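Listed below are the residues making up each chain.
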Amino acid sequence: TSTNQFEVIRVTDKQNPVSVIKKTLTGVSGSAPEGWRLYFFDKKIFMVTRFTAGPEFHIFDVSNPVNPSEIGSGTELGRTVEDITVTKKVVSGITHYYVFMATDKNSAPLSIYDVVFPTVATVTVNELTAIEPTFANYQDGQSVYILNNLLYFGRSSDPSGDELFVYDVTVPETGKFIV
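Residues numbered from 1 in each chain as written. Predicted model: local features only at pLDDT ≥ 70, side-chain atom pairs only at ≥ 80, totals over all residues. Heavy atoms only, no water.

1. Some thoughts on the sheet that holds strand 5 (residues 57-61)
In step 1: The sheet built from four strands is open, its strands ordered 3-4-5-6 with antiparallel pairing. Of all the strands in the sheet, the pair left with one neighbour each is strand 3 (35-41) and strand 6 (69-75). Each strand of the sheet is rotated relative to its neighbour by a mean of 20°, with strand direction disregarded.
In step 2: Bridge count for strand 5 against strand 6 is four bridges, and the pairing is antiparallel. Each bridged residue has a counterpart across the sheet, and for phenylalanine 57 the counterpart in strand 6 is threonine 75. (Pairing = 2+ DSSP bridges. Helix = DSSP H or I, 4+ residues; strand = E, 2+ residues; numbered from the N terminus. Axes fitted to C-alpha atoms, helices over the stretch in contact; angles between N-to-C directions.)

2. Here we look at the nonpolar core
In step 1: Counting residues in hydrophobic clusters, the biggest one holds 16 residues, and the most contacted among them are Phe46, Phe57, Val99, Met101 and Val115.
In step 2: Contributions of two or more residues to this core are made by strand 4 (44-49), strand 5, strand 7 (81-91), strand 8 (94-103) and strand 9 (110-116).
In step 3: If sequence neighbours within four positions are ignored, methionine 101 has contacts with Val48, Phe57, Leu77, Val81, Asp83, Ile84, Pro109, Leu110, Ser111, Tyr113 and Val144.
In step 4: Counting residues in hydrophobic clusters, the runner-up holds 13 residues, among them Tyr98, Ala102, Ile146 and Tyr167. (Core = buried A, V, L, I, M, F, W, Y, C linked by side-chain atoms within 4.5 Å. Buried < 20%, exposed > 50% of the residue type's maximum accessible area, 1.4 Å probe, protein only. Contact = heavy atoms within 4.5 Å.)

3. Thoughts on the packing of aromatic side chains
In step 1: Tallying each qualifying case throughout the model produces seven aromatic pairs.
In step 2: On the numbers, 6.1 Å between centres and 85° between planes, the contact of phenylalanine 41 with tyrosine 97 is edge-to-face. Here phenylalanine 41, found in strand 3, pairs with tyrosine 97, found in strand 8; they are 56 residues apart in sequence, far enough to count as distant.
In step 3: In this structure tyrosine 97 comes out as buried when scored by relative accessible area, which is 5%.
In step 4: Geometrically, the ring pair formed by phenylalanine 46 and tyrosine 97 is tilted, given 6.1 Å between the ring centres and 40° between the ring planes. One end of the pair, phenylalanine 46, is in strand 4; the other, tyrosine 97, is in strand 8, and 51 residues separate them in sequence. (Phe/Tyr/Trp six-rings, centres within 6.5 Å; stacked < 30°, edge-to-face > 60°.)

4. Details of the sheet that holds strand 13 (residues 164-168)
In step 1: In space, the four strands of this open sheet follow the order 11-12-13-14, with antiparallel pairing throughout. The outermost strands of the open sheet, each flanked by one partner alone, are strand 11 (141-147) and strand 14 (176-177).
In step 2: Where strand 13 lies against strand 14, two bridges are found, and the strand directions are antiparallel. Residue tyrosine 167 lies in a different strand from strand 14, and its bridge partner there is phenylalanine 177.

As structure tokens, then:
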């Protein structure tokens, strides 16, 4: 829906699921404000809407699933995300969440974000544009998946180029395609 885009549903009895709580995403409006994709990782939900007015990327703390809270007020992406995955690394004693998104942005079908939580209630989100790979043609990103330290990235069908790439994310800031 255009409001209450985030909902927690208790499925203790699969024949009788119960809505526990609904939350409206902060600052979202426009033509596509509905929740679109989400990824659960480390007691957090990383959630996106399609490209719309306001921030498309939102993060919820779900350590208490009956009372989730949005961390920050969302981040504008300026693109639609088709798939999302997250990994966590500690760098110089600071925990970084690296968010990899398959998107429709021509110049960055694989968009990479560094997310840090300076406090429980605040978040810093930085796009790592310097390490976003360059691709031949302008096929949209479609899928991302991490296994160990390898990110598998798929693009839309491209008769004149590759559609599946493998990216080494051992050190996300200096990662590189290996296949």
